[in-house]
Amino acid sequence: MIHSLFLINSSGDIFLEKHWKSVVSRSVCDYFFEAQERATEAENVPPVIPTPHHYLLSVYRHKIFFVAVIQTEVPPLFVIEFLHRVVDTFQDYFGVCSEPVIKDNVVVVYEVLEEMLDNGFPLATESNILKELIKPPTILRTVVNTITGSTNVGDQLPTGQLSVVPWRRTGVKYTNNEAYFDVIEEIDAIIDKSGSTITAEIQGVIDACVKLTGMPDLTLSFMNPRLLDDVSFHPCVRFKRWESERILSFIPPDGNFRLLSYHVSAQNLVAIPVYVKHNISFRDSSSLGRFEITVGPKQTMGKTIEGVTVASQMPRGVLNMSLTPSQGTHTFDPVTKMLSWDVGKINPQKLPSLKGTMSLQAGASKPDENPTINLQFKIQQLAISGLKVNRLDMYGEKYKPFKGIKYMTKAGKFQVRT
Amino acid sequence: MSSNSFAYNEQSGGGEATELGQEATSTISPSGAFGLFSSDMKKNEDLKQMLESNKDSAKLDAMKRIVGMIAKGKNASELFPAVVKNVASKNIEIKKLVYVYLVRYAEEQQDLALLSISTFQRALKDPNQLIRASALRVLSSIRVPIIVPIMMLAIKEASADLSPYVRKNAAHAIQKLYSLDPEQKEMLIEIIEKLLKDKSTLVAGSVVMAFEEVCPDRIDLIHKNYRKLCNLLVDVEEWGQVVIIHMLTRYARTQFVSPWKEGDGLEDNEKDFYDSDEEQKEKADKRKRPYTMDPDHRLLIRNTKPLLQSRNAAVVMAVAQLYWHIAPKSEAGIISKSLVRLLRSSREVQYIVLQNIATMSIQRKGMFEPYLKSFYVRSTDPTMIKILKLEILTNLANEANISTLLREFQTYVKSQDKQFAAATIQTIGRCATSITEVSDTCLNGLVCLLSNRDEIVVAESVVVIKKLLQMQPIQHGEIIKHMAKLLDSITVPVARASILWLIGENCERVPKIAPDVLRKTAKSFTSEDDLVKLQILNLGAKLYLTNSKQTKLLTQYILNLGKYDQNYDIRDRTRFIRQLIVPNEKSGALSKYAKKIFLAQKPAPLLESPFKDRDHFQLGTLSHTLNTKATGYLELSNWPEVAPDPSVRNVEVIELAKEWTPAGKAKKENPDKKFYSESEEEEDSSESSSDSESESGSETGEDEEDSSGDSGGDSSESGSESEAGKKRAAKSSKAKGKGDSKDVDKEKENSKTSESSSGESSSIEESSSDSESESESESESESRKVTKEKEKKTMQDRNALTKDVSLLDLDDFNPVSTPVALPTPALSPSLIADLEGLNLSATSSVISVSTPVFVPGKTHVLLHRMSGKGLAAHYFFPRQPCIFGDKMVSVQITLNNTTDQKIENIHVGEKKLPMGMQMHVFNPIESLEPAGSITVSMGIDFCDSTQTASFQLCTKDDCFSVNIQPPVGELLLPVAMSEKDFKKEQACLSALHLLSKPRHALWNERNFHHNYCCPAEFCFLCDPSEGSKCSQRGCSPFWTR
């Protein structure tokens, strides 16, 4: 399936290559560079590029292109999903996935890649198993290894690989047993000029950080499970149980993992917590334009909106902007024409606003379209869909774990057209 | 996220550590210091020395550096002799790195590579499975043709290894050997055949992958393993799932007849059929061709459904394409929601998914129409995503939503991304042609765009308007005049050419303008683009034919210019036109028809989706994405006219009855023995094994000899569902053993006069089969029928029940176990009666009903305050014995008044209860104060089914229909038994034991290794891994993942 993997940085250097079958010359990447040039932006490089003898499938993350070379028919999502899994694994191992980190840990990277694929077919992709096979580098282990000469390569087959819970390693021990669940919801919305909602949907995830000894069997129930009609689960979740009782029952992997993600699309269910009042006008004759935006809360269920940032790609004709914010800081990059305003908290008594003028290119005609405003915000302790976890129970182990649940609402792809 | 940040700290700390570590090593090792100055050769000398040193640490350092070289793509092949010596190193990390090196360079240094073979051969016999597996991996990865026989032998041995992990690696090795030496195909197929029979989920994905690579045409190898693969699918790892699903899709297309109604076959040509599903159904009904789905076909469709919930986009896509290609059209709808969900993931996933949706949306609009808004474009999307979304929006456009869409398109046209704006204009053109109602609106909109400032937008509009005008022969003189004016300002060649063509076509309608345009273009002819030049020539020719008086000279001037043009196409065209239109002695008969040739009515261009022709590729494949056949693409065959023999999928029966000793005993004592049917048993067992994790040694997975032959269509489907339910039931009705519960079915068919003792089991079966049928929407109607029949039966059975308890065979019980105190009887009277009966028999009492340890406080909404005009009602199962009658389940209803007025006379109105169900209502409540709340209790006899009790909740003024549906668990009651007994029971019920094998295995491990469990509290109705708490009513019996 997957023949080779090339890692290419943003300046177009191949800084790592790995082959699972015969060696494919790195000149195959020339086709990729061609496509990259054509696409102008990294985002627009097509994920699938055919070449005379190979097909190049790539993903772009952390400013690195992960280019897989394949030779025969294979479901493209299979490869793409796998590449994403590789990136996730690196992130899990090293904390960040960046070029210098990969270069520094090239041996571990190589060992991990070797275990993840055999002859191009995925072998072990669960990070819990991988970590038993090849232990991630930590300070303690490096010290111990230099003293004792032991290695960070496991010599036993991880028991998880053979068990019915391949995602969990065995013999987990913690002195503090804790299980944290974060319910994070992102609102994707398009708001039109007049302030009415064109589309709005909620993308939610429950991320868990479970550090429990032994083989705990957890059940998580919701106050209103009916909200969740479109979900995808971590493989540990027992599907039948969910079908029949709407309870999440699972033996968790050790550490951080995404328990489930869901999608609430019914428009009337989605409350929009902020509004943006805007007045952006270009005049044909003059070289000055007016710019004024105000952000205010709407349906916030009594919570404060934090971490608000406003970003907008201004039209090419805008040369500079002179603006004064009532709070926060703003920047305008005259090269990329990107305006960003870091608002911070919204105080409902004194709404933050950003006012001023834009200087336009002299003689240029006025732009067709007003810029779209992209909004970011955070609301702590609120799941905007109203999802509530009822309780978490643990079976199978005797100790009392510390349990925690946190809710958060964020803006996803939140756009206001002006 | 406090926890996460903690984790990050730890990890980043780790990162530093490695850096430090590496720094340390590089300063220590001399090579690091010299490396900078010495030449490459020198450096490698250095490495050689390190590799030959006695210290493992030096060797390890050297190997790490060599791997670093390999990773960077530097040549390290000359170190081969030095490295290969270390293959036998004791240090596992050195060994692994040597493996990495070997795999990379063995091909280039074949002779030297042979030195390492004996090490691998030794390692293949290692007691450690990881070492065996990795030896096989490396051995098969070094592409040295001489060792093919050794590899073959190793694979053969490994394929019979006890460890599934090693067998998995053997499956991978098959592909490697095949690519190295295709001659070995026959032998390899034998091994594949053997491995296909493997029951480990670990192996399944890899062996199917090998099958796909080596012998995808040997579909006959799949037959016997088809059902097993279907049943294992959920537990196979994600990557294996994708491969298996794709393979099974191909398999299904060759083995089953089309589930699509007649007429659907024409899907490719006649898209109109898809506009309405009803229409389709009507048509199909008219043809009256009875179609019953092969149960195996159904099995596949049913077993893949849960995978739509997978976190892995590739799995979801694979299931989606399976549904698209092999499920009945009415069922394929469920995939759209999951596909739309995938649109939230990374841009690469979006790209592929959108492409597939685009293809699907052409054929079956209805599937994605509800999700129209999910395809709205955001300004931050990458252009390729925008264009795909636009494509889907166009496909989904219809009369109803076009106005919304056009408004949306207006925003897109103004986009700063001009490529996208141009694509939007194309889209508007397509909408205008496909939906005639809006074509005028669209045309007007496009004309407005002609005055846009951006040239690309204008050019694109011109091109689209040209196409639209061509399609509508109505007069559009004004628009043409407007466009003629544009010619002065516009510079984009395509647009200019389009305008010229349009004027030429309509030259008789704009008699004054056309010659003038020709005059202007004649002036600029030499500086025009080739495309425009050709159109100028065409325009000249057309005008010469219609208006030769004014344009004769102009045309000749242009023809002269064209004659000496640099481009041969233009010279060619000039020569051709001159001969055709200018009459001279040489020109033949054709010139008489010149006018007809040039001014013929031209067929309107068809504006079509670029995804139209992609449907002949299997969805989700690389070929579909590229729209060309990729190497190794396997065609999806058409449905066969007549299904090949379905019995090929049957597997030899292995006598299972032996394992069921208690069942056998029970059978003997059972007066209904004569009803016992062999085929029933087989079906039973096959069903049980099909659900089972087949890791156990028993051969239950294979015994499906007659089941599919005997049964056909949906009814058998629901039948087998209830078989499964029965299995569960059987576990609970321990005393009666297997035989009885199976008899129930037979009895029902054969006699009305049953004095069977299986009332209890059938009642449970009732509930579980019911819950099954809920989830099985496809066979709903069928199963409902079945259920009703059963229900009648159950009623009768129940009457006979209490008397019959004594018939139960209690000999199996272990008399040693301590009797548990008789608990207060809880719900579900029939069960209680039965179980009490058990306790009465003094010889043994392993099972006893216990009080609920855990009563969930969960309430269910009976009536929402919005729909109840301020009256809200919630119900809750208190799990107390019901005071109204022992057959009833008690239900507590809490009524709340959320209005600001009194609600008067709350009572239960008309009841709509399924047959046999009874209800004891609460006393009418005279009045309920504002914000007041009152709790009343009711009793409902659900007949041990999960059927809904519907009734009306009435106030003085209004009546609200409400219903209560009990979860299965609320109908069951808790029992306690000792761990020993539980195990014994479990062992007896072999089928059941298999059914939940993985969970049990887990549980056992926990029990006996971690010393966890409180044996007295297990309920054998519940999955034991739930532990004590859940062993009470409130959880459904026997779930497996």
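Conventions adopted
- Residues numbered from 1 in each chain as written.
- Chains lettered and ligands numbered in written order.
- Predicted model: local features only at pLDDT ≥ 70, side-chain atom pairs only at ≥ 80, totals over all residues.
- Heavy atoms only, no water.
- Contact = heavy atoms within 4.5 Å.
- Buried area = accessible area lost by both parts, 1.4 Å probe.
- Salt bridge = Lys/Arg side-chain N within 4 Å of Asp/Glu carboxyl O.
- Polar contact = N/O pair within 3.5 Å; in protein donor to acceptor, adjacent residues only side chain to side chain.
- Helix = DSSP H or I, 4+ residues; strand = E, 2+ residues; numbered from the N terminus.
- Phe/Tyr/Trp six-rings, centres within 6.5 Å; stacked < 30°, edge-to-face > 60°.
- Buried < 20%, exposed > 50% of the residue type's maximum accessible area, 1.4 Å probe, protein only.
- Lys NZ or Arg CZ within 6 Å of the ring centre and 35° of its normal.
- Expected span 1.5 Å × (residues − 1).
- Core = buried A, V, L, I, M, F, W, Y, C linked by side-chain atoms within 4.5 Å.
- Axes fitted to C-alpha atoms, helices over the stretch in contact; angles between N-to-C directions.
- Left-handed = near helix turned anticlockwise from the far one by under 90°.
- Nonpolar A, V, L, I, M, F, W, Y, C, P; charged D, E, K, R; others polar.
- Pairing = 2+ DSSP bridges.
- pLDDT = per-residue confidence, 0-100.
- Patch = residues over 30% accessible without salt bridge, like charges linked within 9 Å, V, L, I, M, F, W, Y side chains within 5 Å.
- Areas by Shrake-Rupley, 256 points an atom, 1.4 Å probe, with all protein chains shown as cover.

> Can you walk me through the interface of chain B and chain A in this structure?
When the parts of a complex come together, some accessible area is lost, and that lost area is often used as the size of the interface. At the junction of the two partners, chain B supplies 120 residues and chain A supplies 132 residues. Taken together, the two surfaces of chain B and chain A that pack against each other cover about 11,300 Å², and 55% of this comes from carbon and sulfur. If you look at where chain B meets chain A, you find 11 salt bridges. Counting across the interface, chain B meets chain A through 37 residue pairs in polar contact (both at pLDDT 80 or more). Of the residues forming the side of chain B that touches chain A, the biggest block, 14 residues, is contributed by helix α1 (residues 2–28) of chain B.

> Please explain the packing of aromatic side chains as it appears in this structure.
Note on aromatic pairs: each is described by the distance of the centres and the angle between the planes. Considering all chains together, one arrives at 25 aromatic pairs over all chains under this definition. Centroid distance Phe82(A) to Trp239(B): 5.8 Å. Interplanar angle 75°. Geometry classified as edge-to-face. Linking Phe82(A) in helix α2 (residues 76–94) with Trp239(B) in helix α16 (residues 238–255), this pair reaches from one chain into another. Residue Phe82(A) is classed as buried on the basis of its relative accessible area, which comes to 2%. Each residue in the set Phe32(A), Phe33(A), Tyr60(A) and Phe65(A) is aromatic and connected to the rest through ring pairs, giving one cluster. When the ring centre of Tyr105(B) is taken as reference, the NZ or CZ atom of Arg104(B) above it lies at 4.6 Å. Residue placement shows Arg364(B) over the ring face of Trp324(B); its charged tip is 3.8 Å from the ring centre.

> Just to check I follow, could you spell out helix α13 (residues 201–214) of chain B for this structure?
Side chains that are three or four residues apart share a direction in an α-helix, a result of its 3.6 residues per turn. Residues and elements named next belong to chain B. Over its 14 residues, α13 extends 20 Å from the first C-alpha to the last, a length consistent with the 20 Å expected when each residue adds 1.5 Å. For α13, a buried count of 13 out of 14 residues is recorded, marking the element as mostly surrounded by other parts of the structure. Near the N-terminus of α13, the side chain that reaches the backbone nitrogen of leucine 202, with its oxygen 3.0 Å away, is that of serine 200.

> How should the nonpolar core be read in this particular structure?
Across soluble globular proteins, you tend to see nonpolar side chains buried next to one another. Counting 261 residues, the largest nonpolar core has Phe66(A), Phe78(A), Phe90(A), Ile66(B), Tyr101(B) and Phe375(B) as its most contacted members. In terms of residue count, helix α19 (residues 313–326) of chain B provides more of this core than any other element does, 12 residues in total. Core analysis: the next-biggest nonpolar cluster, separate from the first, contains 74 residues, Val183(A), Ala208(A), Met314(A) and Val318(A) among them.

> What exactly am I supposed to notice about the environment of Val308(A) here?
All names here are of chain A. Mapped onto the fold, valine 308 is located in strand β16 (residues 306–313). We classify valine 308 as buried; its relative accessible area is 1%. Here the alpha-carbon distance between valine 308 and glycine 344, two residues 36 residues apart in the chain, equals 5.0 Å. Excluding residues within four positions of it along the chain, valine 308 makes contact with Val295, Trp341, Asp342, Val343, Gly344, Ile346, Gln376 and Phe377.

> Would you mind showing me how to read the packing of helix α27 (residues 455–471) of chain B against helix α28 (residues 477–486) of chain B here?
Each pair of packed helices gets described by two things: the angle between the helix axes and the distance between those axes. All names here are of chain B. Between α27 and α28, the least distance of the axes is 12 Å, while the angle of their chain directions is 150°. For α27 against α28, the interelement crossing comes out left-handed. Residues Val458, Val462, Ile465 and Leu469 of α27 lie in contact with α28, whose contacting residues are Ile479, Ile480, Met483 and Leu486. Here the residues of the contact of α27 with α28 sort into eight nonpolar, no polar and no charged.

> Sorry if this is basic, but what is going on with the packing of helix α26 (residues 439–449) of chain B against α27(B) here?
All names here are of chain B. One can describe the packing of α26 onto α27 by two numbers: an axis separation of 9 Å at closest approach and a directional angle of 145°. Here α26 runs over α27; the crossing is left-handed. Contact residues: Leu443, Leu446, Val447 and Leu449 in α26; Val457, Val458, Ser461, Val464, Ile465, Leu468 and Leu469 in α27. Residue composition of the contact of α26 with α27, grouped by class: 10 nonpolar, one polar and no charged.

> How should I be thinking about the environment of Thr324(A) in this particular structure?
All names here are of chain A. Position of threonine 324 relative to the elements: it lies in strand β17 (residues 318–325). Separated by 33 residues in sequence, threonine 324 and threonine 357 have C-alpha atoms that sit 9.4 Å apart. The residues contacting threonine 324, other than those within four sequence positions of it, are Ser353, Leu354 and Lys355.

> I tried to follow the pairing of strand β20 (residues 353–360) of chain A on my own but got confused; where do I start?
Regular strands show a simple pattern: their side chains alternate between the two faces of the sheet. Residue and element names in this part refer to chain A. Two elements, strand β15 (residues 288–297) and β20, share seven bridges in a ladder whose sense is antiparallel. Its bridge partner lying in β20, leucine 288 is registered against serine 359. Sheet topology note: the β17/β20 ladder contains seven bridges and is antiparallel. Across the sheet, residue asparagine 320 finds its bridge partner in β20, namely serine 359.

> Please explain the side chain of Asn177(A) as it appears in this structure.
Residues and elements named next belong to chain A. Relative to the helices and strands, asparagine 177 is located in the loop between α7 (159–162) and β8 (178–191). Given a relative accessible area of 12%, asparagine 177 falls into the buried group. Beyond its immediate chain neighbours, meaning those up to four positions away, asparagine 177 contacts Lys211, Leu212, Thr213, Tyr399, Pro401 and Phe402.

> For this particular structure, what's the right way to read the confidence of the model for chain A?
Low-pLDDT portions of the prediction should not be read for the details of their coordinates. In this model, chain A carries a mean pLDDT of 86, and residues with pLDDT of at least 70 account for 91%. No element of chain A has a lower mean pLDDT than α7(A), at 60, and none a higher one than strand β5 (residues 64–70) of chain A, at 93.

> Looking at this model, I keep getting lost on a nonpolar patch on the surface. Mind explaining?
Residue and element names in this part refer to chain B. Among the surface-exposed residues, Leu590, Tyr593 and Ile597 lie close enough to one another that they form a single nonpolar patch of about 300 Å² accessible area. Its place among the elements puts isoleucine 597 in helix α34 (residues 594–598). Take isoleucine 597: its relative accessible area is 39%, and that puts it in the partly exposed class.

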